[in-house]
Amino acid sequence: SQKIEQNSEALNIQEGKTATLTCNYTNYSPAYLQWYRQDPGRGPVFLLLIRENEKEKRKERLKVTFDTTLKQSLFHITASQPADSATYLCSSKNQAGTALIFGKGTTLSVSS
Amino acid sequence: EAGVAQSPRYKIIEKRQSVAFWCNPISGHATLYWYQQILGQGPKLLIQFQNNGVVDDSQLPKDRFSAERLKGVDSTLKIQPAKLEDSAVYLCASSPLGTANEKLFFGSGTQLSVL
């Protein structure tokens, strides 16, 4: 069955460094991947969508890549700040194409 | 623009009791989703509505969970009877109809504790 895996449960980095989060997918070929941010006690908030024919997408300090050969998406936050501390979720449409499925998320902690 | 509204924010019940959650999506959003998020996990889809019709309820435990969206606007998710393993955050999300708008807008969720 299709899977989205975010292998790192937690990532701790220092302020100013670049955070890199990984999302791998298996047993299917998604047309796009989405990244969401979730703060404690809140619902996920959409950040970026990247389609299979796009190698890279940027939004301010965020960059997402999509490698269909490696079946992987990388999510980068440059010049990280303590306010970037949150859980980041990778998602894509399910095989039926009806709804989003999510990885477990990676919790990022940025220390000052 | 008002976001997705959910209530209550927290609910504590004993096992075998029943509970209901309410969701009001963003105005004009045709599609509504209920997700279950267990601590440390990503959200898992329970049911998806398009207007007042069910699109996908394949992962809804239908022996105890039910959901409705009678007028194609707000929705209710019910659990009866609740089990300990139902302790989770129940998230409602909505999206406009159409492939150009795949992103979901989530509410803050209802945190359910079953004792």
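Before any of the text, the structure's been laid out above.
Residues numbered from 1 in each chain as written. Chains lettered and ligands numbered in written order. Predicted model: local features only at pLDDT ≥ 70, side-chain atom pairs only at ≥ 80, totals over all residues. Heavy atoms only, no water.

(A) The arrangement of the layout of surface pockets in detail. Approximately 570 Å³ is the volume attributed to the largest pocket. Gln-38 of chain A together with Gln-37, Leu-39, Gly-40 and Val-89 of chain B are, among the 27 residues lining the largest pocket, the residues nearest its centre. When residues of the lining of the largest pocket are traced back to their parent elements, those giving at least two are strand E9 (86-93) of chain A together with strand E9 (88-95) and strand E11 (110-114) of chain B. One number sums up the size of the second largest pocket: a volume of about 490 Å³. Lining the second largest pocket are 22 residues; nearest its centre among them are Ile-4, Phe-102, Gly-103 and Lys-104 of chain A together with Gln-41 of chain B. (1 Å grid on protein atoms, 1.4 Å probe; cavity = no way out; pocket = protein on both sides within 12 Å on 5 of 7 lines; lining within 4 Å. Points joined across faces, edges and corners; volume = space filled by probe spheres on them. Helix = DSSP H or I, 4+ residues; strand = E, 2+ residues; numbered from the N terminus.)

(B) Representation of the state of the cysteines within the structure. If you walk through the whole model with that rule in mind, you get two disulfides over all chains. Bridging Cys-23 of chain A to Cys-90 of chain A, the disulfide has an S-S length of 2.0 Å. One quick way to see it: the torsion about the S-S bond of Cys-23 of chain A and Cys-90 of chain A is about -70°, and its sign makes the bridge left-handed. Here the residue Cys-23 of chain A occupies a position in strand E3 (residues 19-26), and Cys-90 of chain A occupies one in strand E9, the gap between them amounting to 67 residues. Judged by relative accessible area, which is 0%, Cys-23 of chain A ranks as buried. At a sulfur-sulfur separation of 1.9 Å, the disulfide partner of Cys-23 of chain B is Cys-92 of chain B. Negative torsions about the S-S bond denote left-handed disulfides, and the value of about -70° found for Cys-23 of chain B with Cys-92 of chain B makes this one left-handed. Of this pair, Cys-23 of chain B sits in strand E3 (residues 19-24) while Cys-92 of chain B sits in strand E9; the two residues are 69 residues apart in sequence, bridging distant segments of the chain. Side by side, Cys-23 of chain B and Cys-92 of chain B carry an identical accessibility label, which is buried. (Disulfide = S-S within 2.5 Å. Buried < 20%, exposed > 50% of the residue type's maximum accessible area, 1.4 Å probe, protein only.)

(C) Here's a closer look at the packing of aromatic side chains. This model, assessed by the stated rule, comprises 13 aromatic pairs over all chains. Centre to centre, the rings of Trp-35 of chain A and Phe-75 of chain A are 4.9 Å apart; their planes meet at 20°, and the pair counts as stacked. Taken as a pair, Trp-35 of chain A in strand E4 (residues 32-38) and Phe-75 of chain A in strand E8 (residues 72-77) lie far apart in primary sequence, 40 residues in all. Judged on exposure class, the residue Trp-35 of chain A and its partner Phe-75 of chain A are both buried. Taking 6.0 Å as the distance between ring centres and 90° as the angle between the ring planes, the aromatic pair formed by Tyr-36 of chain A and Phe-106 of chain B counts as edge-to-face. You can see Tyr-36 of chain A sitting in strand E4 and its partner Phe-106 of chain B sitting in strand E10 (residues 105-106), one on each of two chains. Judged by its relative accessible area of 0%, Tyr-36 of chain A falls in the buried class. Each residue in the set Tyr-36, Phe-46 and Phe-102 of chain A together with Tyr-33, Tyr-35 and Phe-106 of chain B is aromatic and connected to the rest through ring pairs, giving one cluster. Here the basic side chain of Arg-9 of chain B rests over the ring of Tyr-10 of chain B, its NZ or CZ set 5.4 Å away from the ring centre. (Phe/Tyr/Trp six-rings, centres within 6.5 Å; stacked < 30°, edge-to-face > 60°. Lys NZ or Arg CZ within 6 Å of the ring centre and 35° of its normal.)

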